[in-house]
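Inside the fold
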Amino acid sequence: MDRLLLSLAIIFVSLIAGYSFRQWVVSGRSPITEAVLGKMRIAIQKIAMFWLIPVSAMLSLWGLKTPDGRLLALPFLGLTAWILGGAAAIFLSRMMRLPRRQTGSMFCCGTFTNIGAVGSLVAVLLYGETAIAVASLYRLCEEVFYFAVAYPIAKWFSLPEEETIGFSLRGFRFEPVLKVVLCAIALGIGLNFAGVHRPAPLGDVSAGFMIAGTVCFLLSIGMGLRISRLSCYFRHSLAISAIKFAGIPAVITLLAMLCGLGGIDGGLPLRVVVILASMPVAMNALIPPSLFDLDLDLANACWVYTTLELVIVLPVLMAILPLL
């Protein structure tokens, strides 16, 4: 219970702090302008993306004891979760007869999942530093999939109907953050297999960096949060919630059990996968709608609703995880 409350406290205190800071700036009582606020948000995000989280992942993978071959299933489980989430969102959008712009935003909300900030934080607080290595392997293909597949699909939904005959992945770019993440993971795995001893204190550094990176991400999210028209998208958010908190966790948990993850380290990898597969919409889901003129208000509403639902989701997870 203490760890549950700590998880919720870190998530919502960070968000509220960032949002409160933004409100102070836009009120005109602050010497900081909105332009400076935007630069601060970007700087905080870069610290988390390029330093804290990659270093945390590298250190954790370096210290992973005798990696089990069954852990190779983790990247495929992550990839399956994102593909199924996006496909389910498109299917429900068609059932709801949504226009293309809204279907594109629904796809983004279905596929982009808050693994790095919220998921990894909860896993680390519950199961310690080893959970970081499991989470890092689970999200190994995350950046590649988002930039190579999700972004082009989102852009495709922004096109008029008559221009959607073909589909191309030419929108892929080998982003700097992707290079950093892949290099950090490769370095950690390389040091591990080379048999280089990792100093014990670096385990605490890894966990500390992950928590610090999470706080940075959530602060920056709060600093850019715009709450508007939430009630207009309740049914859309309900559909995304069903995907995020019921459909995907059920499928990925079953697949993880079939892969034998429950038989490794007392079932820790299985439990971490269940946590990561049950996370809300990521803030990254708001980027493609902004870039490609999709329904940004819809994406924002789904992000807000699913994040608030963590108050219910996390206690349910706490009750289920010991049974696995």
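Residues numbered from 1 in each chain as written. Predicted model: local features only at pLDDT ≥ 70, side-chain atom pairs only at ≥ 80, totals over all residues. Heavy atoms only, no water.

**Thoughts on the packing of helix α4 (residues 100-111) against helix α10 (residues 234-258)**
Which entries qualify depends on this criterion: Note on method: axes are straight lines fitted to C-alpha atoms, helices fitted across the in-contact stretch only, with angles between N-to-C directions ranging 0 to 180 degrees. Here a strand is any run of E in DSSP of at least two residues, a helix any run of H or I of at least four, and the numbering for each starts at the N terminus. The labels follow the angle: roughly parallel below 35 degrees, roughly antiparallel above 145, roughly perpendicular from 65 to 115, and oblique for the rest. Helix crossings are classified by the rotation of the near helix relative to the far one: an anticlockwise turn of less than a right angle makes the crossing left-handed, while a clockwise turn makes it right-handed. Whether two residues are in contact is decided by their heavy atoms, any of which lying within 4.5 Å being enough. Any residue that is not Ala, Val, Leu, Ile, Met, Phe, Trp, Tyr, Cys, Pro, Asp, Glu, Lys or Arg is counted as polar, Gly included; the first ten are nonpolar and the last four charged.
The interhelical angle for the contact between α4 and α10, taken along N-to-C directions, is 30 degrees, at an axis separation of 10 Å. Taken together, the axis directions place α4 and α10 in an arrangement best described as roughly parallel. For α4 against α10, the interelement crossing comes out right-handed. Where α4 approaches α10, its residues Gln102, Met106, Cys109, Gly110 and Thr111 are matched on the opposing element by His236, Ala239, Ile240 and Lys244. Partitioning the contact of α4 with α10 into residue classes produces 4 nonpolar, 4 polar and 1 charged.

**Looking at the nonpolar core**
Soluble globular proteins tend to pack their nonpolar side chains together in the buried interior. The criterion, for reference: Working definition of a nonpolar core: buried Ala, Val, Leu, Ile, Met, Phe, Trp, Tyr and Cys residues. They are joined through side-chain atoms within 4.5 Å. Exposure categories follow from relative accessible area, calculated using a 1.4 Å probe and restricted to protein chains: below 20% of the type maximum is buried, above 50% is exposed, and the middle band is partly exposed.
Ile11, Tyr138, Leu261 and Trp303 are the most contacted members of the largest nonpolar core, which totals 84 residues. Setting aside its immediate chain neighbours within four residues, Tyr138 contacts Leu74, Pro75, Leu77, Gly78, Ala81, Trp82, Ile115, Ile252, Val273, Leu276 and Ala277. Listed in part, the 10 residues of the second largest apolar core include Ile44, Ala117, Cys216 and Phe217.

**Notes on the packing of aromatic side chains**
Quick reminder of the rule: Aromatic contacts are taken between Phe, Tyr and Trp rings whose centres are within 6.5 Å, Trp giving its six-membered ring; a plane angle under 30 degrees counts as stacked, one over 60 as edge-to-face, and the others as tilted.
All told, the structure shown has 9 aromatic pairs when counted by the stated rule. Ring geometry for Phe112 and Tyr146: centres 4.3 Å apart, planes at 25 degrees, overall stacked. Of the two residues, Phe112 sits in the loop between α4 and α5 (115-127) while Tyr146 sits in helix α7 (residues 142-157), which places them 34 residues apart along the sequence. Measuring from centroid to centroid gives 6.2 Å for Phe145 and Tyr146, while their planes differ by 55 degrees, and the two rings are tilted. Each member of the pair Phe145 and Tyr146 is classed as buried.

**Topic: unusual backbone geometry**
Even without glycine at this site, Asp265 takes up a positive phi of about 50 degrees. Note that Asp265 resides in the loop between α10 and α11 (268-276). One non-glycine residue, Asp293, adopts positive backbone phi at about 60 degrees. The topology assignment puts Asp293 in the loop between α12 (287-292) and α13 (296-308). Here Asp293 falls in the exposed class, since its relative accessible area comes to 54%.

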